[in-house]
Amino acid sequence: QVQLVESGGGLVQAGGSLRLSCAASGSIFSINVMGWYRQAPGKHRELVATITAGGSSNYADSVKGRFTVSRDNAKNTVYLQMNSLKPKDTAVYYCSADIQSGGATEMYRYWGQGTQVTVSS
């Protein structure tokens, strides 16, 4: 069984910063891409940032220059440093990880439970 557990959400004023963490645990053989998505009320879930096992990252245009994704492969953990936050960044943030679990032959995308980020103006 594989689990992704997120932490670090909360309420912050515009211009402030937050750091999200997401740790994968369980029967893990390997992890490929890890990432962050978000879903605002009434909107579809959208990509925020992803990072490969080798450290290559990709960002949504709306967060480039403000957000930084990183990972610690030894800890099976991905982070999202969010700076210069704006009210439009308010959403539930979900982490994801493409994981090959022990005994499996294919990768499967796992999701965290979501953490609320609220940016007040």
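Quick note: structure is the one above.
K.L.:
Help me get a handle on the overall build of the protein, residues and values and all.
P.N.:
When helices and strands are tallied, the protein shows zero helices and 11 strands. Put simply, the protein runs from its N terminus to its C terminus through helices and strands in the order β-β-β-β-β-β-β-β-β-β-β. Relative to a compact globule of 121 residues, whose C-alpha radius of gyration would be 14 Å, the protein shows 14 Å and is just as compact. Taken along the three principal axes of its C-alpha coordinates, the protein extends 50 × 25 × 20 Å. Across the 121 residues of the protein, 41% fall into the buried class.

K.L.:
Tell me about the packing of aromatic side chains, residues and numbers included.
P.N.:
Counted under the stated rule, the structure contains two aromatic pairs. Judged by centre distance (5.1 Å) and plane angle (65°), the ring pair of Tyr37 and Trp111 falls under edge-to-face. In this pair, Tyr37 is assigned in strand β4 (residues 28–39) and Trp111 in strand β10 (residues 108–111), connecting sequence segments 74 residues apart. Overall, the relative accessible area of 14% leaves Tyr37 in the buried class.

K.L.:
Give me the nonpolar core: which residues, what numbers.
P.N.:
Judged by nonpolar contacts, the single largest core of 30 residues is most densely connected at Trp36, Leu80, Met82 and Tyr93. Contributions of two or more residues to this core are made by β1 (2–7), β3 (18–26), β4, β5 (46–51), β7 (67–72), β8 (77–82), β9 (91–101) and β11 (115–120). Looking at which element gives the most residues to this core, the answer is β9, with five residues. Apart from residues lying up to four places away in sequence, Tyr93 is in contact with Glu6, Leu20, Trp36, Tyr37, Arg38, Val48, Phe67, Leu80, Met82, Gly114, Thr115 and Val117.

Criteria and thresholds
- Numbers given to residues run from 1 along each chain, matching the order in which its sequence is written.
- Local features in this predicted model are restricted to residues whose pLDDT is 70 or higher, and side-chain atom pairs enter the listing and the counts only when it is 80 or higher, whereas totals over whole chains, interfaces and linings include all residues.
- Only hydrogens and water are removed before side-chain values are computed, so all heavy atoms of the structure are retained for them.
- Numbering of helices and strands starts at the N terminus; helices are DSSP runs of H or I of at least 4 residues and strands are runs of E of at least 2.
- We compute the radius of gyration over the C-alpha atoms and compare it with the globule rule, which gives 2.2 Å times the number of residues raised to the power 0.38.
- With a 1.4 Å probe rolled over the protein chains alone, any residue whose accessible area is under 20% of its type maximum counts as buried; one over 50% counts as exposed, and the rest are partly exposed.
- Aromatic pairs are defined between Phe, Tyr and Trp rings, using the six-membered ring for Trp, whenever the two ring centres lie within 6.5 Å; interplanar angles under 30 degrees are classed as stacked, those over 60 as edge-to-face, and all others as tilted.
- Nonpolar core, defined: a set of buried Ala, Val, Leu, Ile, Met, Phe, Trp, Tyr and Cys residues in which side-chain atoms within 4.5 Å join the residues together.
- Any pair of residues with heavy atoms lying within 4.5 Å of one another is described as a contacting pair.

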